[in-house]
Amino acid sequence: MRQTLDRLVVRLTSGLALLGAVGVVAMLIHITAYVLSRNLLATPIPATVEIVSHYYMIAIAFLPVAWAERRGEMISVEIFSPLLVGRIGRINAIFVALVTCGAYLALTYTTWIVAMREFTARSYVISLSVAIPVWPSYFVLPVSFALAALIALYRGFVPAAPGAAK
Amino acid sequence: MNVTMGLAGLAVLFVLLALQVPIAIAMVAVSFVGVWAMLGLAPAIGILANTPYEFIASWTLSAVPMFLLMGFIAFHGGLTAGLFDAAKVGLRKVPGGLGIAAIVACSGFASVCGSSLATAASLGRIAIPEMVRAGYKPSFAAGTLAAGGTIGALIPPSILMIIYGVFAETSVTQVFMGGISAGLLTAACYIIVILLVARLRRDVIPAEPEGLEELDTRKVMLGVWPILVLIALVFGGLFSGLFTATEAGAVGAAGALALVALTGRLNRQVLRQSVLETLGTCASLFIIGVGAVMFTRFLGLSGVAGLISGAVQSYDLNYVQLMVVIVIIYLLLGMFMEPFGAMLVTLPVLLPVLNAQNIDLVWFGVFLVKLLEIGMITPPLGMNVFVIRNVAGQYASLTDVFKGVTLFLAADLVLVTVLVAFPDVVLFLPSLLR
């Protein structure tokens, strides 16, 4: 049971992070091609700025949030960590998990509303008279935040088994 | 009433931070609950709903993942490995040459890498063992590299400067330009420290370093050319206007990839490691940015930002007094917080003050990064010191490393004074572009 759950958590978070990784590589190729084509062929690739901002950036920033949450990479202030050990440390870890989960849930709900609004409007941006739909990328946020909320709870209430894979 | 709420929000934020709630989460939670309590649920939802997408969907911010990627590829692909050897060959006749070589190598590394932790970690691993073998006092060797690492965030590219530029709505390219002189001056100060120590304290830096292997100049040059080409590509393109600071990251990463392939070190592991580390850094960094934007709105709505800048006005602080206050605030914060958190928690309050006092935001960006980097080497929480302790733990304890950075810290404080007294030192290069 425990192992299945652990594996599921790893699979889900890594899956989303992998999509983010694709975003990194795509951004690298796209911007480089844009600069090369502008300087060598004097024809910039249209809509590069829009696609980089609305798709790659969104993917890179949000898809790996749950993955980073699982790996404990979120930055916090560790000044009192010597005091937060043992029982108090456990209670505090649960408190942190609840606050974190609550914040992610609020973000999930609010960004979901926005995503539905953009979906209904089929929103797009105009780049040199070409309309580029951007509404799909709005759904990245609620999905990423929802998974992050689950991971935060999971990490708080089910502390990593000793020797568990990172 | 709202001001009370804003101040309460600030207090709650600090409590949550002390309880190790992640910085981003603490700022999101306080802004949401705070705006809800002040103005009702709908505005609170509004702030949470639109901020994340609007902040992240930004062309300027795309420089962050690309510069990170460039640094990671250069490092994992072995491009940076030859820097220290090359500097050693050039400086073998100079007293304290090995330590100076480490600082020079840090500066070279800094021009392809935007993070001071990465700079300290990668050069610390190479340079500290050699310095200790040559007879350097281990604590001084470790301190040199912990301090040298801070150059990483000063010489462009610099992730801190990009995020500052976005927040302060000022030109990243200009802040980068200012960072060049601040970074080089920092390196110069550190080199002076090493020269002085080499002259006055033979027990810390030996007069005749032992056990230095003979280096073949030709071989060393072969090891260092790829990184020089990469630096020339990025800075050449930037200065000549072939690409912007935002695009330079991607071009640099592509260039690094090509150079790693040319030197025959490109494999799946290098790619995988570089992309994953980029992703991990972005995920933890950008969400703090999102939280900080929300917190900025909350403070603005509550009137606290105005109250604080008003208070500063009413005290009628002159430039020097204001700078002393700012330096003290950041030195204190730097003791306990990592730089991104410290910067993003404070900018919402500080920017209105700076604007009211007509302080040049390009200059302040460089100055701020310098102050934040000092925080990387001050006790009790100096991230660079921790990372040096991790990569060179067998040579120096945590206390040793902190002792080793003392002289460099003193040099930093002198430099901070110079930057306040002569802002043109920083503004000279940016002014060429204006």
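For the structure, check the block above.
Because the structure is a prediction, the values reported are computed rather than measured.

**Student:** Can you break down the overall build of chain A residue by residue, with the values?
**Tutor:** The secondary structure content of chain A amounts to 6 helices and 2 strands. Its helices and strands in sequence order give chain A the pattern α-α-α-α-β-β-α-α, from N to C terminus. In terms of overall size, chain A is more extended than a compact globule, its C-alpha atoms giving a radius of gyration of 20 Å where 166 residues would be expected to give roughly 15 Å. Judged by the C-alpha coordinates and their principal axes, chain A covers about 65 × 35 × 35 Å. Buried positions account for 46% of the 166 residues belonging to chain A. By sequence separation, contacts in chain A at least 24 residues apart represent 77% of the contacts at least 6 residues apart. Accessible area of chain A: about 8,500 Å², with a carbon and sulfur share of 72%.

**Student:** Which residues make up the overall build of chain B, and what values go with them?
**Tutor:** Assigned secondary structure in chain B consists of 21 helices and 0 strands. Among the 434 residues that make up chain B, the fraction classed as buried is 61%. The contacts of chain B with a sequence gap of at least 6 include a subset with a gap of at least 24, amounting to 80%. Within the structure as shown, chain B displays about 15,700 Å² of accessible surface, and the carbon and sulfur contribution to it stands at 67%. Separation of charge centres in chain B, based on 19 positive and 19 negative side chains, amounts to 8 Å.

**Student:** Quick one: what's the story with the packing of helix 7 (residues 116-133) of chain B against helix 19 (residues 383-391) of chain B, residue by residue and with numbers?
**Tutor:** Residue and element names in this part refer to chain B. In contact at an axis separation of 9 Å, helix 7 and helix 19 are set at 35° when each is read in the N-to-C sense. The chirality of how helix 7 crosses helix 19 is right-handed. Residues Ser116, Leu117, Ala120, Ala121, Gly124, Arg125 and Ile128 of helix 7 form the contact with helix 19, whose participating residues are Met383, Asn384, Val387, Ile388 and Val391.

**Student:** Can you tell me about the interface of chain A and chain B, naming the residues and giving the values?
**Tutor:** Contacts between chain A and chain B engage 56 residues on the former and 52 residues on the latter. Each partner contributes to the roughly 4,600 Å² buried at the junction of chain A and chain B, and carbon and sulfur atoms together form 81% of this total. Between glutamate 247 of chain B and arginine 38 of chain A there is a salt bridge, with its nearest N and O atoms 3.0 Å apart. Applying the counting rule to chain A against chain B returns 8 residue pairs in polar contact (both at pLDDT 80 or more). Broken down by secondary-structure element, the contributors of at least two residues to the side of chain A that touches chain B are helix 1 (2-40), helix 2 (48-62), helix 3 (65-70), helix 4 (86-121), helix 5 (135-138) and helix 6 (140-157) of chain A. Residue contributions to the side of chain A that touches chain B peak at 15 residues, all from helix 4 of chain A. Along the lines of polarity and charge, the residues of the side of chain A that touches chain B split into 40 nonpolar, 12 polar and 4 charged.

**Student:** How would you sum up the pairing of strand 2 (residues 130-133) of chain A? Please name residues and give values.
**Tutor:** Residues and elements named next belong to chain A. In this sheet, strand 2 lies alongside strand 1 (residues 124-127) in antiparallel orientation, the contact comprising 4 bridges. Paired with isoleucine 126 across the strands is alanine 131, a residue of strand 2. In this antiparallel pair of consecutive strands, strand 1 and strand 2, the connection spans 2 residues, and leucine 128 shows a positive phi of 50°.

**Student:** So what about the pattern of salt bridges? Which residues, and what values?
**Tutor:** Tallied over the entire structure, the rule returns 7 salt bridges over all chains. Note that arginine 117 of chain A and glutamate 118 of chain A form a salt bridge whose closest N and O atoms lie 3.2 Å from each other. What you see here is one network of salt bridges that share partners, running through Asp85, Lys88 and Glu130 of chain B.

**Student:** How would you summarise the side chain of serine 123 of chain A if you had to cite specific residues and measurements?
**Tutor:** All names here are of chain A. Relative to the helices and strands, serine 123 is located in the loop between helix 4 and strand 1. According to the relative accessible area criterion, serine 123 is buried, its value standing at 12%. What serine 123 contacts, discounting residues up to four positions off in sequence, is Glu118, Pro133, Val134, Trp135 and Tyr138.

**Student:** Help me get a handle on a nonpolar patch on the surface, residues and values and all.
**Tutor:** Residues Tyr319, Val320, Val324, Ile328 and Leu332 of chain B make up a contiguous nonpolar surface patch of roughly 430 Å² in combined accessible area. Considering the arrangement of structural elements, one finds valine 320 of chain B in helix 16 (residues 319-336).

**Student:** Which residues make up the nonpolar core, and what are the values?
**Tutor:** Grouped together as the largest cluster of nonpolar side chains are 230 residues, with contacts concentrated most on Tyr104 of chain A together with Ile56, Phe364 and Phe367 of chain B. Tallying contributions element by element places helix 14 (residues 268-302) of chain B first for this core, with 15 residues. In this view, phenylalanine 364 of chain B contacts Tyr164, Ile326, Leu350, Leu354 and Ile359 of chain B; residues no more than four positions away in its chain are not counted.

**Student:** Quick rundown of the packing of aromatic side chains? Include the residues and the values.
**Tutor:** All names here are of chain B. In this structure the tally under the stated criterion is 20 aromatic pairs over all chains. A ring pair is formed by phenylalanine 235 and phenylalanine 239, whose centres lie 6.5 Å apart and whose planes are at 35°; its orientation type is tilted. Here phenylalanine 239 and phenylalanine 235 lie together in helix 12 (residues 217-240), a separation of 4 residues that amounts to about one turn. On the accessibility criterion, phenylalanine 235 (13% relative accessible area) is buried. Between the aromatic rings of tryptophan 363 and phenylalanine 367, the centroid separation amounts to 4.7 Å while the plane-to-plane angle is 15°, which identifies the pairing as stacked. Highlighted residues: tryptophan 363 and phenylalanine 367, both in helix 18 (residues 361-375), separated by 4 residues, approximately one helical turn. For tryptophan 363, a relative accessible area of 2% translates into the label buried. Put simply, the rings of Tyr164, Tyr319, Trp363, Phe364 and Phe367 pair up and form one aromatic cluster.

Criteria and cut-off values
Residues numbered from 1 in each chain as written. Chains lettered and ligands numbered in written order. Predicted model: local features only at pLDDT ≥ 70, side-chain atom pairs only at ≥ 80, totals over all residues. Heavy atoms only, no water. Helix = DSSP H or I, 4+ residues; strand = E, 2+ residues; numbered from the N terminus. Rg over C-alpha atoms; globule rule 2.2 N^0.38 Å. Buried < 20%, exposed > 50% of the residue type's maximum accessible area, 1.4 Å probe, protein only. Contact = heavy atoms within 4.5 Å. Areas by Shrake-Rupley, 256 points an atom, 1.4 Å probe, with all protein chains shown as cover. Lys, Arg positive; Asp, Glu negative; His and termini not counted. Charge placed at Lys NZ, Arg CZ, Asp CG, Glu CD. Axes fitted to C-alpha atoms, helices over the stretch in contact; angles between N-to-C directions. Left-handed = near helix turned anticlockwise from the far one by under 90°. Buried area = accessible area lost by both parts, 1.4 Å probe. Salt bridge = Lys/Arg side-chain N within 4 Å of Asp/Glu carboxyl O. Polar contact = N/O pair within 3.5 Å; in protein donor to acceptor, adjacent residues only side chain to side chain. Nonpolar A, V, L, I, M, F, W, Y, C, P; charged D, E, K, R; others polar. Pairing = 2+ DSSP bridges. Patch = residues over 30% accessible without salt bridge, like charges linked within 9 Å, V, L, I, M, F, W, Y side chains within 5 Å. Core = buried A, V, L, I, M, F, W, Y, C linked by side-chain atoms within 4.5 Å. Phe/Tyr/Trp six-rings, centres within 6.5 Å; stacked < 30°, edge-to-face > 60°.

Honestly, it's all geometry; don't read function into it.
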